[in-house]
Amino acid sequence: MRRTTTCPVSGHNAMASWRLVAPLWRVAWNFFWIELSRFLPFLRLKNWLLRHLVGMDVAPTAAIGLMAMPDILRPDLIHIGPESIIGYNVTILTHEFLPRAYRLGAVEIGAWVLIGANATILPGVRIGDGAIVGAGAVVTRDVPAGTMVGGVPARVIGRLDGDTRASRPGPPLSLEQDPHAANAVPSEE
């Protein structure tokens with residue numbers, strides 16, 4: 001379930017009323033620093049810029065890949081937990097426009113999360129600790145801790161076996177196939 005607030009607008013469509021979401025100066029400020037950070041290969045500097053100049057809640061040990069695109073209007077609604085990896089060209093949205101309204105919702109990404117390249121995270125979504133989001137997935141609802149999701153829209157395709165708290169470093173966790181997943185491979189037991 002997504003946790004969003006819907007705000008109706010009158011007159012033009014909601015996108016034409018974007019200044020109700022954030023003032024022009026703030027959007028220009030966010031755009032400049034986010035666009036710069038997209039090209040920076042230096043993770044600590046990128047995290048510092050996003051934390052201190054844009055207002056995102058990014059753990060110092062999180063890694064945000066090249067070309068990742070946080071929301072420009074409300075990046076302050078994004079939380080990225082420790083040791084998480086945000087892949088190349090991932091889009092994290094905290095707003096969406098509808099014809100007669102707009103929605104806002106915080107995005108919470110837990111600890112030790114991996115989000116694959118080109119994934120899109122919609123507003124109001126929580127991604128639990130130790131979860132894996134496959135490349136190209138569109139996350140339209142919460143992702144439970146210790147699961148692997150993929151596809152459009154993202155669906156659970158497996159569960160991580162072992163310590164799903166993802167709070168300790170160590171070897172990669174093994175993947176246990178979900179027998180109810182669309183492309184589940186039968187196990188040989």
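Not measured: the values here are computed from a predicted model.

Peer 1: Before we go on, may I ask you to explain the overall build of the protein in this structure?
Peer 2: Looking only at helices and strands, one finds two helices and 18 strands in the protein. With 189 residues in all, the protein has 43% of them scored as buried. Contacts in the protein between residues far apart in sequence, at least 24 positions, make up 39% of those at least 6 positions apart. Of the roughly 10,100 Å² of accessible surface on the protein, 61% is carried by carbon and sulfur atoms.

Peer 1: Help me out: how do you make sense of the nonpolar core in this one?
Peer 2: Nonpolar side chains in soluble globular proteins tend to be buried together. Formed by 44 residues in total, the largest nonpolar core has its most connected members in Ile 80, Ile 86, Ile 92, Ile 109, Ile 115 and Ile 127. Secondary-structure elements contributing two or more residues to this core are α1 (24–39), α2 (43–54), β5 (78–80), β9 (101–104) and β10 (107–109). When residues of this core are assigned to their parent elements, the largest contribution, four residues, is made by α2. Every residue in contact with Ile 92, bar those within four places of it in the chain, is listed here: Met 69, Pro 70, Asp 71, Ile 78, Ile 80, Ile 86, Val 107, Ile 109 and Ile 121.

Peer 1: Any chance you could explain the environment of Leu 24 here in plain terms?
Peer 2: Checked against the element boundaries, Leu 24 lands in helix α1. Look at Leu 24 and you get partly exposed, because its relative accessible area is 46%. For Leu 24 and Leu 73, which are 49 residues apart along the polypeptide, the C-alpha to C-alpha distance reads 9.3 Å. With sequence-adjacent residues up to four places away left out, Leu 24 is seen in contact with Trp 18 and Arg 19.

Peer 1: In this structure, what is going on with the packing of aromatic side chains? I would like to understand it.
Peer 2: The geometry of two aromatic rings is summed up by the distance between their centres and the angle between their planes. Evaluated as defined, the whole model comprises two aromatic pairs. Taken together, a centroid distance of 4.9 Å and an interplanar angle of 85° make the contact between Phe 32 and Trp 33 edge-to-face. Residue class for Trp 33 comes out buried when judged on its relative accessible area of 18%. Taken together, the aromatic side chains of Trp 29, Phe 32 and Trp 33 make up a single cluster linked through ring pairs.

Peer 1: What should I look at first to understand the sheet that holds strand β1 (residues 5–8) in this one?
Peer 2: Strand pairing in a sheet takes place through backbone hydrogen bonds and is either antiparallel or parallel in direction. Taken together, the three strands give an open sheet; going across it, the order is β1-β9-β8, and neighbouring strands pair in antiparallel fashion. Edge positions in the sheet fall to β1 and β8 (95–97), since each of these pairs with one other strand and no more. Averaged over all adjacent pairs, the angle separating strand axes in this sheet is 20°, with direction ignored. Summarising the sheet, β1 and β9 pair through four bridges and their orientation is antiparallel. Bridged to Thr 5 within β9 is Leu 104.

Peer 1: Got a minute to help me understand the pattern of salt bridges in this structure?
Peer 2: Where charged atoms from two side chains of opposite charge approach closely, those side chains can pair. Tallied over the entire structure, the rule returns six salt bridges. The closest approach of N and O atoms between Arg 103 and Glu 96, which form a salt bridge, is 2.8 Å. Residue Arg 103 is classed as partly exposed on the basis of its relative accessible area, which comes to 26%. Put simply, Arg 2, Glu 96 and Arg 103 are held in one network by salt bridges that share partners.

Peer 1: Just to check I follow, could you spell out the environment of Pro 153 for this structure?
Peer 2: Take Pro 153: it is sitting in the loop between β16 (147–150) and β17 (155–160). When its relative accessible area of 31% is taken as the criterion, Pro 153 is described as partly exposed. Once residues lying within four places of it in the same chain are set aside, the contact partners of Pro 153 are Val 138 and Thr 140.

Peer 1: Would you mind showing me how to read the environment of Ile 109 here?
Peer 2: Within the secondary structure layout, Ile 109 lies in strand β10. A relative accessible area of 0% places Ile 109 in the buried class. Spatially, the C-alpha atoms of Ile 109 and Ile 78 are 8.0 Å apart, while their sequence positions differ by 31 residues. Each residue touching Ile 109, except ones within four places of it in the same chain, is listed here: His 79, Ile 80, Gly 81, Ser 84, Ile 86, Ile 92, Ile 115 and Ile 127.

About the cut-offs
- Residues numbered from 1 in each chain as written.
- Predicted model: local features only at pLDDT ≥ 70, side-chain atom pairs only at ≥ 80, totals over all residues.
- Heavy atoms only, no water.
- Helix = DSSP H or I, 4+ residues; strand = E, 2+ residues; numbered from the N terminus.
- Buried < 20%, exposed > 50% of the residue type's maximum accessible area, 1.4 Å probe, protein only.
- Contact = heavy atoms within 4.5 Å.
- Areas by Shrake-Rupley, 256 points an atom, 1.4 Å probe, with all protein chains shown as cover.
- Core = buried A, V, L, I, M, F, W, Y, C linked by side-chain atoms within 4.5 Å.
- Phe/Tyr/Trp six-rings, centres within 6.5 Å; stacked < 30°, edge-to-face > 60°.
- Pairing = 2+ DSSP bridges.
- Axes fitted to C-alpha atoms, helices over the stretch in contact; angles between N-to-C directions.
- Salt bridge = Lys/Arg side-chain N within 4 Å of Asp/Glu carboxyl O.

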